[in-house]
Amino acid sequence: MRGKHVLLVVGGGVAAYKSLEVVRRLADRGISTRCVMTKAAQEFVTPLSFASLTGDAVHSELFELTSEVEMGHIELSRSADLILVAPATADLIAKMSNGLANDLASTVLLATDKPIMVAPAMNVRMWEHPATQRNMATLKSDQVSCVGPNEGPMACGEFGFGRMAEPEQLVQAVETYFTNVPAAGSLDGLRVLVTSGPTHEPIDPVRYLANRSSGRQGAAIGAALTAAGAEVTFVTGPAEAPPPPAQRLVSVQTAREMHDAVVAALPVDVAIFAAAVADWRV
């Protein structure tokens, strides 16, 4: 991974703080990062925070004299090996899908010839809105890869899909892209369901029945499928291994919950059941 370069585009959402951890973990793997922030992003995290971690200036102004004399937005858009948009807000996704370029972030994303990966983060109603789903469909047809969003509680107090993928998921997605195994795009359009991890069957509030499972095998399978272009639904019990990048991540506890999640994910083209489902329940 050493010698690889990521351009991180930070959108204006509360999840922007997670991107600081992404930068740190990428650096641990020898991957350097430059950062572009929208004005809204600077309301949540300061440019100094990203500059301290990247060791480079943070870029935010389209009409910055020195940079634009040298066509800075073009240089930024093409000097990286991969562009990661995290958080990718509903506004940024809409701009990307419609080819708008009214600030540095959107201009960089339109001017690039490099692969783009987005990590959506927004309120569950915004994520489920038909306009956002249309925009995401457009991005996927343009070969933009997507990590998340995850399901869970949000800063606004609601619960559902819209949480930005965790830093380890994003770093794993970046690593998977750079290792490129199998060849990207070989499974384009294929819908795949993967189950992983154990299930916990409660005996009482303290004890449970389970099979031993780290979830590593399922996570590796899910990551490889996503890298190959498949649309992955990843249903996981309480595993040790972090989940892979997936179009849809569903976390469960019990065998019944896993069964219901699997049925809800149908129909799919391929199903891979790597979960170690418990043999008994009370």
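Quick caveat, the model's predicted, so the values are computed rather than measured. (Residues numbered from 1 in each chain as written. Predicted model: local features only at pLDDT ≥ 70, side-chain atom pairs only at ≥ 80, totals over all residues. Heavy atoms only, no water.)

**Quick word on the overall build of the protein**
And step 1. When helices and strands are tallied, the protein shows 11 helices and 14 strands.
And step 2. Relative to the compact-globule value of 19 Å for 282 residues, the protein shows a C-alpha radius of gyration of 19 Å, a close match.
And step 3. If one aligns the C-alpha atoms of the protein with their principal axes, the spans along those axes are about 70 × 40 × 40 Å.
And step 4. Taking all contacts inside the protein whose residues are at least 6 apart in sequence as the whole, residues at least 24 apart take part in 73%.
And step 5. Counting every atom, the protein has about 13,400 Å² of accessible surface; 55% of that belongs to carbon and sulfur.
And step 6. Across the protein, the mean location of the 22 positive side-chain charges is 4 Å away from that of the 29 negative side-chain charges. (Helix = DSSP H or I, 4+ residues; strand = E, 2+ residues; numbered from the N terminus. Rg over C-alpha atoms; globule rule 2.2 N^0.38 Å. Contact = heavy atoms within 4.5 Å. Areas by Shrake-Rupley, 256 points an atom, 1.4 Å probe, with all protein chains shown as cover. Lys, Arg positive; Asp, Glu negative; His and termini not counted. Charge placed at Lys NZ, Arg CZ, Asp CG, Glu CD.)

**A short note on the confidence of the model for the protein**
And step 1. Overall, the predicted model of the protein reaches an average pLDDT of 87, with 93% of residues at or above 70.
And step 2. Mean pLDDT in the protein bottoms out at helix α3 (residues 65-69), which sits at 47, and peaks at strand β14 (residues 270-273), which reaches 97. (pLDDT = per-residue confidence, 0-100.)

**Considerations on the sheet that holds strand β1 (residues 5-10)**
And step 1. Strand order in the open sheet formed by 6 strands is β3-β2-β1-β4-β5-β6, with parallel pairing between adjacent strands. Bordering the open sheet on either side are β3 (58-59) and β6 (145-146), each of which pairs with just one other strand.
And step 2. For strand β5 (residues 116-120) and β6, the ladder comprises 2 bridges, and the chain directions are parallel. Pairing of methionine 117 across the sheet is with serine 145, part of β6.
And step 3. Contacting β1, β4 (82-88) and β5, helix α5 (residues 90-98) runs over the sheet at an angle of about 135 degrees to β4. (Pairing = 2+ DSSP bridges. Axes fitted to C-alpha atoms, helices over the stretch in contact; angles between N-to-C directions.)

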